[in-house]
Amino acid sequence: MRYIILCVLCLCPVLVHAQSIKGTVLNQDSQPLAGASVYWLGTTVGVTANAQGQFELTTEDITDRRLIASYVGYGTDTLAVEHQNEVEFRLEATDAIKNVTVTGTRPGVILAQDAPIKTEQITQTELRKAACCDLAGCFETQTTVQPHATNVITNSKELRILGLSGVYNQILVDGLPMIQGLSYTYGISSIPGTLVDNIYVAKGANSVLQGYESISGQINVDTRDAGNTDDLLLNVYLNSFFEKQVNANVSLDLGSGWNNLTAIHTTQPADKHDKDDDNILDLPQTTRYMLYNELAYGDESQQGWNSTISLRYLSEERVGGQMTYNAESDQGSTEVYGQTVEIQQPEIWVKSGYRWDANNRISANVSAFTQAQHSYFGTVKY
């Protein structure tokens, strides 16, 4: 009797094991196909292979013991299972699916989840919500950054973070401090919205890597990539004061890893308007010409050399004040009040580097600009 019980106990694992079948799904190169579907023909009984391509499937109440394995991009295979406890599928690749296109819509604002400092990314989705003719206008549809006028006569603006004056935050262009010092007063109006790709806003104290100015926050303007933008972009803007703006971007693939982006921007003066009858122009007359060129080589995320050379030249004139003020004859006059600002500003910034692998690279970032500004504020000349 003791031997009979021992034999029954030894047979129990075999009986239990016989209620399922194990197997592996591989390709022709003996590589596992993780996520492959395995199921019994004519039933809904099936499983998904694990990362090693292995699976285990019940055989209970299965009358048609034909097992099917399928995987996207591979042909389906069927095996007849009789008394086997383990099977192996080898699926052959097929070209039935040549291309798969996945489309989606990016959110307007993306919050960085892995950054030590809270950073918001303003994408093209958000920028398209309103006609933004310059960098200050890019923030009209959200409250992360507030554009404020500092001089209504010449329409100069600053960007405020956390309600603090703009002098306490730092504005970067492609990660470099191109808007600072004297250029800060009118600099945010000199970058056309058609040249902006993304804007990164970090609130609170930040790294002093690019300078000490980021006390209340940091704004990094990411310009369009010469190798990943529209071949041709034309934009025309006209407001109720009849101020005209024209923008044109042209991108060229020069071959051998080189790409070039050229952008032209001009603003032509508005008509003279005085709707509140205070004898002061409601909107200053602004004349602006900007030429921008970016020459790029390689990709900084790929192994090898990469370099970007950006050149920008700005010529601008702002005239505001009384309706009868003439910038050519009335500068410094004690009889007619007006303000005149003339700016000439060339800029250059270079970013070059070499990447060895995914974790190691060396880079050099250099930027420079000079600004010649001549101004009259009433009788005072600067």
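Being a predicted model, the structure only gives us computed values, none of them experimental.

Colleague: Got a sec to walk through the sheet that holds strand 3 (residues 46-48)? Specific residues and values, please.
Modeller: Strand order across the open sheet formed by four strands is 3-2-5-6, with antiparallel pairing between neighbours. One side of each edge strand has no neighbouring strand; the edge strands of this open sheet are strand 3 and strand 6 (74-80). The mean angle between the axes of side-by-side strands here comes to 15°, regardless of whether they run parallel or antiparallel. Judged from the five bridges that link them, strand 5 (residues 66-71) and strand 6 form a sheet pairing that is antiparallel. In the strand pairing of strand 6, Ala69 is matched with Asp77.

Colleague: Describe the sheet that holds strand 8 (residues 109-111), and please don't skip the residues or the numbers.
Modeller: The six strands are arranged 8-9-14-15-12-13 in an open sheet whose pairing can be described as mixed. For this open sheet the edge positions go to strand 8 and strand 13 (176-179), each flanked by a neighbour on one side alone. On average, each strand axis in the sheet is inclined to that of its neighbour by 30°, with strand direction left out of account. Sheet analysis places strand 8 next to strand 9 (residues 119-122), joined by three bridges and oriented antiparallel. Bridge pairing in strand 9 places Ile110 opposite Gln121.

Colleague: Would you mind going over the pattern of salt bridges in detail, with residue names and values included?
Modeller: Summed over all chains, the structure comprises seven salt bridges. For Glu158, the salt bridge identified is with Arg160, shortest N-O distance 2.7 Å. The exposure class assigned to Glu158 is buried, which follows from its relative accessible area of 7%. Here the salt bridges share partners, and the residues they tie into one network are Arg288, Glu316 and Arg318.

Colleague: Report on the nonpolar core, specifying residues and quantitative values.
Modeller: By size, the foremost hydrophobic cluster in this structure holds 31 residues, and its most contacted members are Leu135, Phe139, Ile171, Ile199 and Ile219. For this core, the secondary-structure elements that each account for two or more residues are strand 12 (169-173), strand 13, strand 14 (196-203), strand 15 (217-223), strand 18 (258-268) and strand 19 (285-297). Sequence-distant contacts of Leu135, defined by excluding residues within four places in its chain, comprise Ile171, Ile188, Ile191, Ile199 and Val221. Counting 16 residues, the second largest nonpolar core, distinct from the first, contains Leu33, Ala36, Trp40 and Leu57.

Calculation notes
Residues numbered from 1 in each chain as written. Predicted model: local features only at pLDDT ≥ 70, side-chain atom pairs only at ≥ 80, totals over all residues. Heavy atoms only, no water. Pairing = 2+ DSSP bridges. Helix = DSSP H or I, 4+ residues; strand = E, 2+ residues; numbered from the N terminus. Axes fitted to C-alpha atoms, helices over the stretch in contact; angles between N-to-C directions. Salt bridge = Lys/Arg side-chain N within 4 Å of Asp/Glu carboxyl O. Buried < 20%, exposed > 50% of the residue type's maximum accessible area, 1.4 Å probe, protein only. Core = buried A, V, L, I, M, F, W, Y, C linked by side-chain atoms within 4.5 Å. Contact = heavy atoms within 4.5 Å.

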